[in-house]
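Chain residues, written in single-letter form:
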Amino acid sequence: MASKMNQKDILARFYDDGVSTALFEQGAVSAAYGCAGGQQVYTLWQNGDALGAKDVDRMVRLLDLAAETGCPVVTFYQAAGAKLAEGLDALTASAKLNAAIAKVSGVIPQVAVVLGVCGGSSALAAANADVCIMAEGAELFFTPPFTSAAKGDKVEGAGTAAAAAKAGVAAIVAPDAAEAAARAARIVGMLPSNNLAGPACFDFEAPAAAFKAGLAPEKAAAALVDAGSAVELYAGFGKNVYTALATIAGEAVGVVVTGEKLCHSCTSKASRFVRLCDAFSIPVVTVVDTEGFVPSAADDIAGGMREAARLSATYADATTARVCLLAGKAVGPVYIALAAADLKIAVEGCVVSPLEPSAAVSVLYKEELDASASIPAATQAKAAAYAKDVCSAQAAVAAGAADMTCAAAGARSAVVAALDILRTKRASRLPKKHGNMAL
């Protein structure tokens, strides 16, 4: 695949008007500079050859330059591995690259675009980017699939873009290299140029459909964000949570919308996305309407408890502007994890409760229910009254569990107002190296 790549055409698709300035063009890695999505950005291009220590040193140099000038870096990955003839020099060069990526992480956006073969240390670098985009025909792996198959570990589709999306590594899968470049340009345009820059702003159109209760996550998001602005990330992973970069009233935001039940993959996906937004001070709008975390011991063992703790810590630790729309059910641990926000908006008809209303009344009114002629009917009636009196939007505001209420049709206006209130938010942290969330 790499031999068929036309660098000039693909970079022309990436850069605005196809205009860029070459920085260095010798060896297996070349670099360029220009504007993409209205944003100044550097690109690194691997031509498909094996990478030597000098090639990797150029990548490290460009990352340092980008951090100094406050510009994003987009790396187009396609390489036949490292030059084995260079021995340990190739290994130490890769270690330097990994350190450089970590050093500028959270300072400038890093986008990986995998167009061809990307394995071993290159795969590690691509997976460490803020956003990883893959063309459908590209390959991303630590262990070559044919090596695993020879040892009896044969997995259908191993190393493919679809597998990387399912594993939560590839945030976007594009049909071809040119489209992958175009989507990278759009992502770069929506992200700030660096961690000290303000959020991107755009012209916008209001959504055609109004928000209402019970919408599927993608439709709920579409009813809140500006028309046609959403770029979904990690669609192939944790499918009961929707995450997207979008604009609301022309301002770039991150949107998280919950689905019916949240497994460990869903919570991991949301945590990763919120962490990205927080690193670059992109406001986060969270829409909560879910039955809760998957009630499964198997999911807990697979990482459900760890990832739920990580999700809770990620939201609580974030200093970017956070708006939570309590659109439906927000019960118990889910409320604790997702409603760690600066402003919480309760939509009329939502249920905010420490316990499911039916379970709560079974404890609170046990004797009364046991004495009734029909326990199920009495429980249902009691639960409905409990939900109305104790768990409603108005009750949430009265108890301090929410800050304001709105009708479903006015949800977008309420979110716009909340974002406007938080536009000048400033936050300070207690002095520490960093927290120790459950990673």
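Every chain is numbered on its own, with residues counted from 1 as its sequence reads. In keeping with the predicted nature of the model, local features appear solely for residues at pLDDT of at least 70, side-chain atom pairs appear and are counted solely at 80 or more, and the whole-chain, interface and lining totals rest on all residues. By convention in this description, side-chain values take in all heavy atoms of the structure and omit both hydrogens and water.

**Q** Would you mind showing me how to read the nonpolar core here?
**A** Note on soluble globular proteins: their nonpolar side chains tend to be buried together. Take the buried residues of types Ala, Val, Leu, Ile, Met, Phe, Trp, Tyr and Cys, join any two whose side-chain atoms come within 4.5 Å, and each joined set is a nonpolar core. Each residue is assigned to one of three classes by its accessible area relative to the maximum for its type, calculated with a 1.4 Å probe on protein chains only: buried under 20%, partly exposed between the two thresholds, exposed over 50%. Counting residues in hydrophobic clusters, the biggest one holds 64 residues, and the most contacted among them are Phe14, Val74, Phe76, Leu115, Ile187, Leu233 and Leu326. Counting from the N terminus, the helices are DSSP H or I runs at least four residues long and the strands are E runs at least two residues long. Per-element accounting of this core gives the leading share, eight residues, to helix α7 (residues 177–190). With 38 residues, the next largest nonpolar core counts Ala31, Leu62, Ile108 and Ala170 among its residues.

**Q** Can you walk me through helix α3 (residues 88–104) in this structure?
**A** Because each turn of an α-helix spans 3.6 residues, side chains separated by three or four positions in sequence point in the same direction. Residue count minus one, scaled by 1.5 Å, sets the expected span of a helix. In this model, α3 (17 residues) spans 25 Å end to end at C-alpha, consistent with the 24 Å of a helix rising 1.5 Å per residue. Listing the buried residues of α3 in full gives Ala90, Ala93, Ser94, Leu97, Ala100, Ile101 and Val104. Down the axis of α3, the smallest arc covering the buried residues is 120 degrees, so these residues share one side. Facing away from the buried side of α3 by more than 90 degrees, the exposed set consists of Leu88, Leu91, Lys96, Ala102 and Lys103. Within two residues after α3, Gly106 carries a phi angle of roughly 85 degrees, on the positive side. Here, the arc refers to the directions that run from the helix axis to the C-beta atoms.

**Q** I tried to follow unusual backbone geometry on my own but got confused; where do I start?
**A** For residues other than glycine, phi is negative in most cases, and the peptide bonds are mostly trans. At Ala249, a residue that is not glycine, the phi angle is positive and equals roughly 55 degrees. Of note, the phi angle at Ser281 is positive, near 55 degrees, even though the residue is not glycine. Following the sequence through the fold, Ser281 ends up in the loop between α9 (264–279) and β14 (284–288). Assessed through its relative accessible area of 40%, Ser281 is described here as partly exposed.

**Q** Explain empty space enclosed by the protein here, please?
**A** Over the atoms rolls a probe the size of a water molecule, and its path tells where empty space is left. Put plainly, a pocket is an open set of points on a 1 Å grid over the protein atoms alone with protein on both sides within 12 Å along at least five of seven lines, a cavity is a set where a 1.4 Å probe fits but cannot get out, and a lining residue has an atom within 4 Å of a point. Grid points are joined across faces, edges and corners, and a volume is the space filled by probe spheres set on the points. Under the definition given, this model contains one cavity of 30 Å³ or more. There is about 100 Å³ of room inside the largest cavity. Leu63, Thr75, Tyr77, Ile101 and Gln110 are, among the 13 residues lining the largest cavity, the residues nearest its centre. When residues of the lining of the largest cavity are traced back to their parent elements, those giving at least two are α2 (53–69), β4 (73–77), α3 and β5 (110–114).

**Q** Teacher, can you tell me more about the sheet that holds strand β9 (residues 172–174) here?
**A** For sheets, the rule is that strands pair by backbone hydrogen bonds, running either parallel or antiparallel. At least two DSSP bridges between two strands are required for those strands to pair. One open sheet holds the seven strands; their spatial order is β1-β2-β3-β4-β5-β7-β9, and the pairing between them is mixed. For this open sheet the edge positions go to β1 (20–24) and β9, each flanked by a neighbour on one side alone. Sheet twist, expressed as the average angle between the axes of neighbouring strands with direction ignored, equals 20 degrees. Sheet analysis places β1 next to strand β2 (residues 29–36), joined by four bridges and oriented antiparallel. Across the sheet, residue Thr21 finds its bridge partner in β2, namely Tyr33. Contacts were defined at the residue level, with two residues in contact if any of their heavy atoms lie within 4.5 Å. The angle between two axes is taken between their N-to-C directions and runs from 0 to 180 degrees, where each axis is a line fitted to C-alpha atoms and a helix contributes only its stretch in contact. Each of β2, β3 (39–46) and β4 touches helix α1 (residues 7–14); the most contacted strand, β3, lies at about 160 degrees to it. Helix-sheet contacts for α2 involve β1, β2, β3, β4 and β5, and the interaxial angle to β3 is about 175 degrees.

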